[in-house]
Amino acid sequence: MHSHVLHYTPKLGMNFPAMNDSPLARPLDLPLYSIGEIATEPVLVVAPHPDDETLGCAGAIGLLRARGYTVNILVVSDGTQSHPNSRQYPATALRDVRESETRFAMALLGVEPSHITFLQLPDGAIPNAESPDFPAVVNECHVYLKSVNPKVVFVPWRADPHPDHRAAWQIISAGLQQAMLSPKVMEYPIWDWDLEQRQLLNQDFYHSWRLDISEVVALKHQAIAAYRSQITNLIDDDPTGFRLTPEMLSNFAHSWEIYLQENS
Ligand SMILES: [Zn+2]
């Protein structure tokens, strides 16, 4: 589910800076790095919904796999709220469709199914730090994180307008802490690309940069196209169904991706 949340109130008081601008307003001003400058392994890419890993990070995933690095994908929610009223695709069928889309997209980028994990938490209701279910989910994640032992983690930006994206950041951050792991963390923006939802941030708090993905940008376009349930009329019996607009998709078609890193 990708609801429109116009007013974001930070839930985590800690580590949250005053906001004054968005790096997405002038992306071409951001420094452009090559994959060699960040490449290390194992890699973990965390997606709140099946498709976020591709929209935000397909370029990084493709470049890292092309160099033989181990890349793990963790999909947090089951994705079943994109078309909640479809009769043809009730929740379990929709979940299966979206998971198979993820597997197909990741296969294009060289990620094997055995490196993809689906947590299947409820779409639209991923527990956040204030939820009673949070500790149990963090526990489950902590076990997973220890088994993967990532040296670099790609997570949704902590202040993304979508609550599921913020909750995913909170779960992973708490899980890493509990597992006593301190990988490099790269936060990727998704719903800030929507001008109506864009948040401000304190640019002193983050180092924002672009990753040059020109080598694999065609593959990224193919991987995005694999998400037929999100970009086509595949599911046509739910008038409230979600669809990524061409305007939104165009933000993810560039030959670069944007990442934000908290300044140390
Ligand atoms: Zn999402």
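Residues numbered from 1 in each chain as written. Predicted model: local features only at pLDDT ≥ 70, side-chain atom pairs only at ≥ 80, totals over all residues. Heavy atoms only, no water.

### Focus on the overall build of the protein
Thought 1: From N to C terminus, the protein includes seven helices and eight strands.
Thought 2: Computed over the C-alpha atoms, the radius of gyration of the protein is 17 Å, within 12% of the 18 Å expected from 2.2 N^0.38 for a compact globule of 264 residues.
Thought 3: In terms of overall dimensions, the protein has a C-alpha envelope of 50 × 45 × 40 Å along the principal axes.
Thought 4: Relative to its 264 residues, the protein shows a buried fraction of 55%.
Thought 5: Residue pairs in contact within the protein that sit at least 24 positions apart in sequence constitute 86% of those at least 6 positions apart.
Thought 6: For the protein, the exposed area adds up to about 11200 Å²; of that, 52% sits on carbon and sulfur atoms. (Helix = DSSP H or I, 4+ residues; strand = E, 2+ residues; numbered from the N terminus. Rg over C-alpha atoms; globule rule 2.2 N^0.38 Å. Buried < 20%, exposed > 50% of the residue type's maximum accessible area, 1.4 Å probe, protein only. Contact = heavy atoms within 4.5 Å. Areas by Shrake-Rupley, 256 points an atom, 1.4 Å probe, with all protein chains shown as cover.)

### Let's talk about the packing of helix H1 (residues 52-66) against helix H2 (residues 91-108)
Thought 1: In the contact formed by H1 and H2, the axes pass within 10 Å of each other and the chain directions differ by 25°. Looking at the two axes, H1 sits roughly parallel to H2. Crossing of H1 over H2 shows right-handed handedness. Here Glu-53, Thr-54 and Ile-61 of H1 lie close against H2, whose contacting residues are Thr-102, Ala-105 and Met-106.
Thought 2: A breakdown of the residues in the contact of H1 with H2 according to their chemical character gives three nonpolar, two polar and one charged. (Axes fitted to C-alpha atoms, helices over the stretch in contact; angles between N-to-C directions. Parallel < 35°, antiparallel > 145°, perpendicular 65-115°, else oblique. Left-handed = near helix turned anticlockwise from the far one by under 90°. Nonpolar A, V, L, I, M, F, W, Y, C, P; charged D, E, K, R; others polar.)

### Some details on empty space enclosed by the protein
Thought 1: Under the definition given, this model contains three cavities of 30 Å³ or more.
Thought 2: By volume, the largest cavity amounts to about 70 Å³.
Thought 3: In terms of lining residues, the largest cavity is bounded by Leu-55, Gly-56, Pro-189, Trp-193, Lys-220, Asn-251, Phe-252, His-254, Trp-256, Glu-257 and Ile-258.
Thought 4: The set of elements that each furnish at least two residues to the lining of the largest cavity consists of H1 and strand S8 (256-262).
Thought 5: The element that contributes the greatest number of residues to the lining of the largest cavity is S8, accounting for three residues. (1 Å grid on protein atoms, 1.4 Å probe; cavity = no way out; pocket = protein on both sides within 12 Å on 5 of 7 lines; lining within 4 Å. Points joined across faces, edges and corners; volume = space filled by probe spheres on them.)

### Focus on the confidence of the model for the protein
Thought 1: Scored by pLDDT, the protein comes out at a mean of 90, with 92% of its residues at no less than 70.
Thought 2: Segment residues 1-18 is flagged for pLDDT under 50; beyond a separation of four residues in sequence, or across chains, it makes 45 contacts in the model. (pLDDT = per-residue confidence, 0-100.)

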